[in-house]
Structures are given as structure tokens and as C-alpha cells.
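# Structural description and commentary
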Amino acid sequence: NAGVTQTPKFQVLKTGQSMTLQCAQDMNHNSMYWYRQDPGMGLRLIYYSASEGTTDKGEVPNGYNVSRLNKREFSLRLESAAPSQTSVYFCASTSGGGSPQHFGDGTRLSIL
Amino acid sequence: AQSVTQLDSHVSVSEGTPVLLRCNYSSSYSPSLFWYVQHPNKGLQLLLKYTSAATLVKGINGFEAEFKKSETSFHLTKPSAHMSDAAEYFCVVSPFSGSARQLTFGSGTQLTVLP
């Protein structure tokens, strides 16, 4: 089973460029999440989608937008990339209730 | 509000010796608690979860954790470390019993296993 698939795995951008990170899950999960991981800070929630058609801000939403395209797909967009957005981005999904979140392998993004 | 504190940023053990990774939490509700492991250049994999059933939780690869409400702790242990256990470990809390929504992550503990 593929689980949660993120594309691309690596990306280098210049300051001011735009970029969309893609995430798809094949587990029929209702809820999907975008996190960023920075050294010594664990994971911080950027945006989440509790169900198809809804999105909500997390802890660090500034500079990002999201789209829940359908039940399977949840994309993250950087409209004008900044060096402070250099990070590893993880997508996760869960069916809800007591089920744990399942994570993709991450997108490593560097902004010069 | 909820928070998670992992008391050690780095832990080093010898192969075959016990592992103890410490985690304290605070939550206004009856929380769900999780431990995840992250190997280099990989996503997070669930080790175990506590969702208000038994306080001693057994997970994959021989890991277990004990929920102690009086101490607000959820420490991760393993009797005998293997080289393959070397990774970063995250303690995670959700404020809702039986839920994985609105997770708060600890800052992580890097486990090194020496031969």
C-alpha cells in the first residue's frame, strides 16, 4: 500500500518564487494535515482539513495556502517563497477517532 | 492548552542495554498520547498510542510506554537496544481522548546506539 505520497521529495527555490507541494493518500481518510519540521522544534501544524471541503489554520499558517482538492488530495502552496520557509514539510492523514495520523516521507525544501 | 516536554534532546546507549526516553505532558483534558519514530530522511512512524485504556501500552519493535497521570508522564522504554533503534523519537499529545486531531509534538529525542 502506498499510504501517504508526497511530491516532490526535494526542491530548491529562489526567494519570491512560488511552489505547490502535493500530497495524496489512498486510505480513504477524512482528515489531512500539513506540518513543517525544523531542527529542535518538532513538527508544527501549518494547515489542516478535517474533511473534504473544509480547511483551517494551524499554528504557523502565514505565507501558506492550501487546497483540499478532493478526499484524496491536499496541496500546500507557497505564493512567494522566503528563506524562513526552508524546512522539511510533512503531510499526514487520519480517519479520525482514535486512529493515529499516517505520515508521508516529506518534501525537503530549500529557499535561497 | 497542551504541551509536551521531552526531557532529553540526545540519549546514547550501548547495544543490548535498556532504553529510556522521557516525556512529560500537560493537557486540560483527558489526552491521547503517542510515540512516533523517525529514521533519517523518512516520515514519522507510529510506535504506540495511549487512548485511556490500559496505562501500560505495548508498541512495535519491543517498545512500551506507561501513562502516569499523577506524574503527567509518558516515558518510552525498551529492555534491550538494537542498532536499528537509532533514530529520532517524538512524544505527541492530543487533547481529545481517543482522538488524533490537533496534535502537539515534543521537540524530539535523538537516540544513538553504540556497538
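Here, the structure is the one placed above.
Below is a summary of the structure that appears in this document. (Residues numbered from 1 in each chain as written. Chains lettered and ligands numbered in written order. Predicted model: local features only at pLDDT ≥ 70, side-chain atom pairs only at ≥ 80, totals over all residues. Heavy atoms only, no water.)

## Regarding the interface of chain B and chain A
- Contacts between chain B and chain A engage 19 residues on the former and 19 residues on the latter.
- Overall, the association of chain B and chain A removes approximately 1,500 Å² of surface from exposure, summing both partners, and the carbon and sulfur fraction of that is 54%.
- Where chain B touches chain A, the interface holds one salt bridge.
- A:Asp105 serves as the salt-bridge partner of B:Lys42, at 3.9 Å between the closest nitrogen and oxygen.
- Summed over the shared surface of chain B and chain A, the number is four residue pairs in polar contact (both at pLDDT 80 or more).
- Going through the elements one at a time, strand S5 (32-38) and strand S6 (44-50) of chain B are the ones with two or more residues in the side of chain B that touches chain A.
- Across the side of chain B that touches chain A, the residue classes tally to eight nonpolar, eight polar and three charged. (Contact = heavy atoms within 4.5 Å. Buried area = accessible area lost by both parts, 1.4 Å probe. Salt bridge = Lys/Arg side-chain N within 4 Å of Asp/Glu carboxyl O. Polar contact = N/O pair within 3.5 Å; in protein donor to acceptor, adjacent residues only side chain to side chain. Helix = DSSP H or I, 4+ residues; strand = E, 2+ residues; numbered from the N terminus. Nonpolar A, V, L, I, M, F, W, Y, C, P; charged D, E, K, R; others polar.)

## Describing unusual backbone geometry
- The linkage connecting A:Thr7 with the following residue, A:Pro8, adopts the cis geometry, with an omega of -10 degrees.
- Locating A:Pro8 in the fold gives a position in the loop between strand S1 (4-7) and strand S2 (10-13).
- Phi is positive for B:Asn41, which is not a glycine, with a value near 60 degrees.
- Along the chain, B:Asn41 turns up in the loop between S5 and S6.
- The exposure class assigned to B:Asn41 is exposed, which follows from its relative accessible area of 58%.
- Non-glycine residue B:Thr72 carries a positive phi angle of around 45 degrees.
- In this fold, B:Thr72 is placed in the loop between strand S8 (64-68) and strand S9 (73-78). (Buried < 20%, exposed > 50% of the residue type's maximum accessible area, 1.4 Å probe, protein only.)

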